[in-house]
Amino acid sequence: IQKSECDMVTVAVRRAQQAKLFGSSNLIDGIDWKSIWLLPNTAGCQNVEDAIRVAILGKEMAKKLGQVDNNFIKLEVITDPNYL
């Protein structure tokens with residue numbers, strides 16, 4: 001990520017939360033968030049209600065990383081589980 005000189009990294013909030021629940025490390029733990037913006041992603045959501053809930057979790061995740069002005073969200077709602 002550092003070599004690419006990117007300014008933003010997309011993180012699937014749902015997957016990051018699941019990894020934490022099972023005690024695994026995830027992408028969140030390995031990045032210096034002072035120099036890169038988090039782009040929370042609602043990947044894995046199959047309906048609007050779930051996407052809104054995950055988007056709110058993403059916003060809270062950004063705040064915990066010190067990005068209180070981060071208002072970005074990548075919205076994905078895919079209703080067909082064959083494509084998740």
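**What to know about helix α2 (residues 48–64)**
Consideration 1: End to end, α2 covers 24 Å across 17 residues, agreeing with the expected 24 Å (1.5 Å per residue, within 8%).
Consideration 2: Buried within α2 are the following residues: D50, A51, V54, G58, M61 and A62. The buried side chains of α2 occupy one side of the element, clustering within an arc of 115° when seen end-on. Residues V48, E49, I56 and K64 are exposed on α2 and point more than 90 degrees away from its buried face.
Consideration 3: Where α2 begins, one side-chain oxygen reaches toward the backbone nitrogen of E49, 3.2 Å away; that side chain belongs to N47.
Consideration 4: Count one or two residues on from α2 and you reach G66, which has phi positive near 90°.

About the cut-offs
- Residues numbered from 1 in each chain as written.
- Predicted model: local features only at pLDDT ≥ 70, side-chain atom pairs only at ≥ 80, totals over all residues.
- Heavy atoms only, no water.
- Helix = DSSP H or I, 4+ residues; strand = E, 2+ residues; numbered from the N terminus.
- Expected span 1.5 Å × (residues − 1).
- Buried < 20%, exposed > 50% of the residue type's maximum accessible area, 1.4 Å probe, protein only.
- Arc of directions from axis to C-beta.
- Polar contact = N/O pair within 3.5 Å; in protein donor to acceptor, adjacent residues only side chain to side chain.

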